[in-house]
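# Remarks on the overall topology
For reference, the chains in residue letters:
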2 protein chains.
Amino acid sequence: MESISVGILGLGTVGSGVVKVIENHQDKLFHQIGCPVEIKKALVKEVNKTRDVEVDLSLLTQNPNDVLLDPEIDIVVEVMGSVEETRGYLVQALEQKKHVVTANKDLMAVHGPELLSIAEKNQCDLFYEASVAGGIPILRGLKDGLASDRITKIMGIVNGTTNFILTKMSKEGRSYDDVLSEAQQLGFAEADPTADVGGLDSARKMAILSTLGFSMNIDLDDVQVEGITEVTEEDLQYAEQFGYTMKLIGNAHRQGTKVEVNVEPTLLVNTHPLSSVDDEYNAVYVYGEAVGETMFYGPGAGSLPTATAVVSDMVGVMRNMRLGVNGNSSVIPEFPKQLKGKEEIYSKHFLRLHVEDEVGVLSSITSTFSKNGASFEKVLQNPLPSEKRAEIVLITHQVSLENFEKILSELNDLTAVHGIKSTYRVEGGKS
Amino acid sequence: MESISVGILGLGTVGSGVVKVIENHQDKLFHQIGCPVEIKKALVKEVNKTRDVEVDLSLLTQNPNDVLLDPEIDIVVEVMGSVEETRGYLVQALEQKKHVVTANKDLMAVHGPELLSIAEKNQCDLFYEASVAGGIPILRGLKDGLASDRITKIMGIVNGTTNFILTKMSKEGRSYDDVLSEAQQLGFAEADPTADVGGLDSARKMAILSTLGFSMNIDLDDVQVEGITEVTEEDLQYAEQFGYTMKLIGNAHRQGTKVEVNVEPTLLVNTHPLSSVDDEYNAVYVYGEAVGETMFYGPGAGSLPTATAVVSDMVGVMRNMRLGVNGNSSVIPEFPKQLKGKEEIYSKHFLRLHVEDEVGVLSSITSTFSKNGASFEKVLQNPLPSEKRAEIVLITHQVSLENFEKILSELNDLTAVHGIKSTYRVEGGKS
């Protein structure tokens, strides 16, 4: 091969990073692949616009076909985002026998299996390392590094915005709204932060991770999602007092042939490797039956970190091109999808509630738990400033989600209970 | 392919684990490779011996040629340890066109480049993921995951024994000898722990990591080594007081075209991701110019974790066999070896010394530093129980190793200085 030509769809934050990494590391790429890498065309919305990176204007186009139909382009790098329009472009690219590297989690969480199958049919590579946890090579870790093991648990801090917010709230005792504004000013949170703080962004990544780790097609709709918008300073203080750290955790757990996947604010015991992952950093904890506990840590977003993942995928494609073995790296899921029912999902729970401060209240509350098979790891009762009210905070032992929901509903029916203020999943370390 | 046949050299702790992982995960392996994997022969010292795993006696042999010359064996897995004899076996295996997977860090640190070149000449794969940090897929991380980046720093906690000892000493205030005996009882330390506590084991792994990460042949002799045998409880108390954690760190640093590689007890600032890696766990921190800070964490030793890495390497070999592309994954180092001189190696240093408690002593000590271009981040003076003596503890700002050694020698010449009790490298976070 004399050179490899790349077309880029999108030249925003990540796209500019890709151009910089290719330019700055041309020598290293040449050494690994044996030929130069050339950017041939880039699809943009506006040609005349100031960008983070200098690009020859003749490379820019507003017509997707200039990338998708150019027979000289070998690899299409998709960093434009959005789902339906982009899906169409990538199908077209693959049908033109172009290899695809994408950073698009929204797309891969929804159309991943379909696109992978079109890629295979066309003997093309479709790599998407950058779609999960930015610069952390976690998809390779699951696919290659732990290829021989049976993975039973994947826990991820896979959204930098929410981790930044929870870290600042915990360490500086500040409110959610206050830290969110700071995050927006610093560029760690978007003007409309809904997908991040609501947990959807994490859910997309967990769908991709669990599909790969469990060899089972997990759809975005299979992921139970709860965001961090209701987390209060009080909850964080109790967490600290009990020896836990609050994180937005994507949790995928396999037992036998069944799995559960959810995203929710979770109290992690302070000795858990994920509990010290702070600020905007991401990390994915993987438990394998043979290997035990492993964790992959790094920057989950940002122009250059994400671009590193994109260009490392390009190197993978180009090595395959040199050997003539593209289109062989996808593995069809080994298992049919089987999701756990609520009666099969077990965990510990944190609960904070306000009650009437009178004789017999704690007893009627605890009997609600024991009736439904739940016992306690910790119980704490504090008087509240307002007259004749108390706050009860507790952590249960393992209980099924079905029973826990029953308990919540029965507690709500007790006249002495004035309100359930918060509930969180609790992770005590190993599964 | 109808099936793939494997020969194993050595059936000790790791070898037994390899047999278990292959047997327990036969379904997963079949799904990934498309054919069964069969263990055909295993070289052992004694045939009739109780083992951790049940193996058909007919598979065992005391004659290496039964493995190395059997034309039906496709892959030789080397988990017997030792260097010279084993090197001969692997050369023979490669010349018989057998692929090799090894967990042998002693061998790869010394003969790695030679063996990789013999493998390439014979169009064979030679993989060695298990030789560094057991179950952590760090070599793949460096070779594939960060393939597009320029790595400038690799810091590793790559020896579980010493990390276990330092963690227990720090957290429980116990002495080195006391914790070492416990580690030996628990099986975390060998009867003769010299290679671990003296730092040689870590040095071997750092030679392998830096060779790969910097694309430069780093020999074991290029690694400066210091072990943990002199670390005292006092040092650990001061470390804690100053906000640092003591770890045995393998440190490989590239600046421009030159590198330094060393292994020594190091004070890590408590916010560093490696500082919370405790007990027998391993972790490798990698800094890349584009990706920034990443870390890979997991079990550094043990039968099943190490076996996972071995069998994942086997999966890599078998995928290549299926595609007919073995022998293509080694990359010849891109750069000639250039080691930094002492005048180019900069770091912060911790120093604890005992002095005469009299007028002017601190002043003569500090002027020794400033004369040699070193200033202080922290200085602390405490009276000692014995009459007229004081202890001075300090952390310098960045200073060259050349100047720091000059300072130590000049301090030793001062009559007021009764003894330099300890010195450690200090890492303040990012490079």
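Up top is the structure.
Here the structure is a predicted model, which means the values were calculated and not measured.

All names here are of chain B. Counted residue by residue, strand β15 (residues 389–396) has seven buried out of eight residues, so it is predominantly covered. Examined bridge by bridge, strand β13 (residues 346–356) and β15 share seven bridges and lie antiparallel to one another. Looking across to β15, one finds that Arg352 is bridged to Val393. Pairing of strand β14 (residues 376–383) with β15 involves seven bridges; the strand directions are antiparallel.

Bringing the relation of the copies chain B and chain A into the picture now. If you rotate chain B by 180° and push it 0.0 Å along the axis, it lands on chain A with an RMSD of 0.0 Å. Taken together, the rotation and translation relating the two chain copies correspond to the operation of a two-fold axis. Taking C-alpha positions as reference, the residue of chain B nearest the rotation axis is B:Phe296, located at 2.4 Å. The fraction of interface residues of chain B whose copies in chain A are also interface residues reaches 98%, indicating that both copies meet through the same surface.

Attention now goes to the interface of chain B and chain A. Interface extent is often summarised as the accessible area lost during association of the parts. Counting from both sides, the interface comprises 47 residues of chain B and, opposite them, 46 residues of chain A. Note on chain B versus chain A: buried area summed over both sides is about 4,200 Å², and carbon and sulfur give 56% of it. Among the residues of chain B in contact with chain A, B:His31, B:Ser148 and B:Tyr297 are the three that bury the most area, contributing 15% of the side total. The tally of links from chain B across to chain A stands at two salt bridges.

Below, the discussion takes up helix α4 (residues 84–95) of chain A. All names here are of chain A. Relative to the 16 Å expected for twelve residues at 1.5 Å per residue, α4 spans 17 Å between its end C-alpha atoms, a close match to the ideal helical length. Looking only at α4, the buried set comprises Thr86, Tyr89, Leu90, Val91, Ala93 and Leu94. Where α4 is buried, its residues contact β1 (4–9), β2 (37–43), α3 (65–68), β4 (75–78), β5 (99–102) and α5 (105–121). Looking one or two residues beyond α4, the residue adopting positive phi is Lys97, at roughly 65°.

Nonpolar side chains tend to gather and get buried jointly when the protein is soluble and globular. Core analysis: the biggest nonpolar cluster contains 152 residues, and A:Ile138, A:Leu209, B:Ile138 and B:Leu209 have the highest contact counts within it. Not counting chain neighbours up to four residues away, the residues in contact with B:Leu209 comprise B:Val132, B:Ile138, B:Leu139, B:Leu142, B:Ile154, B:Val158 and B:Val284.

What counts, and where the lines are drawn
- Residues numbered from 1 in each chain as written.
- Chains lettered and ligands numbered in written order.
- Predicted model: local features only at pLDDT ≥ 70, side-chain atom pairs only at ≥ 80, totals over all residues.
- Heavy atoms only, no water.
- Buried < 20%, exposed > 50% of the residue type's maximum accessible area, 1.4 Å probe, protein only.
- Helix = DSSP H or I, 4+ residues; strand = E, 2+ residues; numbered from the N terminus.
- Pairing = 2+ DSSP bridges.
- Least-squares fit on C-alpha atoms with pLDDT ≥ 70 in both.
- Contact = heavy atoms within 4.5 Å.
- Buried area = accessible area lost by both parts, 1.4 Å probe.
- Salt bridge = Lys/Arg side-chain N within 4 Å of Asp/Glu carboxyl O.
- Expected span 1.5 Å × (residues − 1).
- Core = buried A, V, L, I, M, F, W, Y, C linked by side-chain atoms within 4.5 Å.

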